[in-house]
Amino acid sequence: MTSSLLAPPPAATHGIPPVLAEVVRSGFVEGHHRGSLVLLAADGSVELALGDPAAPVYPRSANKPMQAAAMLRAGLELSGERLALAAASHSGEGFHLELVRTMLTEFGLRESDLQTPPDLPLDPVEAESYLAAGQVRDRVTMNCSGKHAAMIATSAANGWPLDSYLDPAHPLQRMVLDVVQEASGESVAHVGTDGCGAPLMALTLTGLARAYRAFVLAAPGTPERRVADAMRAHPEYVAGTRRPDTWLMREVPGVLSKMGAESVQAVALPDGRALAFKIDDGAPRAMGPVLARALELLGVDSPVVARIGEMPLLGGAERVGSIRAAF
């Protein structure tokens, strides 16, 4: 990668982003969550833009489908649940951890080959159970372990170094860069380091939405379509049983959905409509209401939309308000 990609990003020049969600307690607006959002029509044109969706952001784990497609391009043989897990931010449920360990064994790898930081399960319910059982932070338990297992397997299959698979100059990471730029239709604005240690490519929200659109519209059998199909067929491996990405992909046919840390979300419908947004303060509690409203504006009519948008506020263990979309 060129050194310019590793230079500090330019200072933001856009104004204060609009309010995307309000915090309403006892009928009183207690706070706001600002951000940017873009909706694409089926033909790929911008249907709605709020804030500055042309400004680069780190998509965080919303980049995972593109990373998985790069691994397939490099010759990795994965399908079904395994491919979905390679594009996952898994919850750390038992079936996730079992499959990560199975994949490592199948490719002749060890848990010590993973360079994920030791962590607890991403899902709070799973984390409580995990700690109650006396277990400690582990590399396999970290939510990106499926992706890392697949990255090491790809490197091993190609004779590439295993100890430097997270280096931006590694052959696999160069392929990831190519896929990200091709799918989004734009140059990566900046390369940083994600929470799991992998290189992180910055895109505009419009570019991110276009990438997801490209995946669902890709020809059958291509790496991009194989990733999209695996994620949609096995959404519980992409997220978990208590996660909105799983609910949405399970209940709305053909939808591709993936969240990222710091409150980034990307979704594409099978006809090419797509959305992407980022909550500026990174608050996860605003994601559901904003996602539900964006889906409504795209014309998605399903009971799961209301379920995703439900974010109650409690007072004295009773519901006294909610987080609600403000657009």
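Structure first, text after, so check above.
What counts and how
- Residues numbered from 1 in each chain as written.
- Predicted model: local features only at pLDDT ≥ 70, side-chain atom pairs only at ≥ 80, totals over all residues.
- Heavy atoms only, no water.
- Helix = DSSP H or I, 4+ residues; strand = E, 2+ residues; numbered from the N terminus.
- Rg over C-alpha atoms; globule rule 2.2 N^0.38 Å.
- Buried < 20%, exposed > 50% of the residue type's maximum accessible area, 1.4 Å probe, protein only.
- Contact = heavy atoms within 4.5 Å.
- Salt bridge = Lys/Arg side-chain N within 4 Å of Asp/Glu carboxyl O.
- Polar contact = N/O pair within 3.5 Å; in protein donor to acceptor, adjacent residues only side chain to side chain.

J.: Any chance you could explain the overall build of the protein here in plain terms?
T.: Scanning the protein from terminus to terminus reveals 12 helices and 12 strands. Rg of the C-alpha trace for the protein: 19 Å, near the compact-globule value of 20 Å for 327 residues, within the 12% margin. Principal-axis analysis of the C-alpha atoms places the extent of the protein at approximately 60 × 45 × 40 Å. For the protein, with 327 residues in total, the buried portion stands at 54%. Put simply, 62% of the contacts in the protein that link residues at least 6 apart link residues at least 24 apart.

J.: Quick question: what am I supposed to make of the pattern of salt bridges here?
T.: Pairing between side chains of opposite charge can happen when their charged atoms approach one another. Scanning the entire structure with this criterion turns up 17 salt bridges. A salt bridge links E22 to R324, with the nearest nitrogen and oxygen atoms 2.8 Å apart. Linking E22 in strand β1 (residues 19-25) with R324 in strand β12 (residues 318-325), this pair joins segments that are 302 residues apart in sequence. On the basis of relative accessibility, which here comes to 39%, the residue R324 falls in the partly exposed class. Several salt bridges converge on common partners, so that one network encompasses R73, E182 and E224.

J.: Any chance you could explain the side chain of S257 here in plain terms?
T.: Note that S257 resides in strand β8 (residues 256-260). Look at S257 and you get buried, because its relative accessible area is 0%. Within the local environment of S257, its side chain forms a polar contact with the side chain of Q265, the two groups lying 3.0 Å apart. Those residues within four positions of S257 in sequence are excluded, and the remaining contacts are M231, V238, D245, L248, M249, Q265, A266 and V267.

J.: Can you help me understand helix α11 (residues 287-297) in this one?
T.: Owing to its 3.6 residues per turn, the α-helix brings residues three or four apart onto one side. Most of α11 sits inside the fold, with 8 of its 11 residues counted as buried. Considered for burial, the residues of α11 that qualify are M287, G288, P289, V290, L291, A292, A294 and L295.

J.: What is the right way to look at the side chain of N63 in this model?
T.: Positionally, N63 belongs in the loop between β4 (56-57) and α1 (64-73). Side-chain polar atoms of N63 contact the backbone oxygen of M201, separated by 3.0 Å. Beyond its immediate stretch of four places on either side in the chain, N63 contacts L200, M201, L203 and L208.

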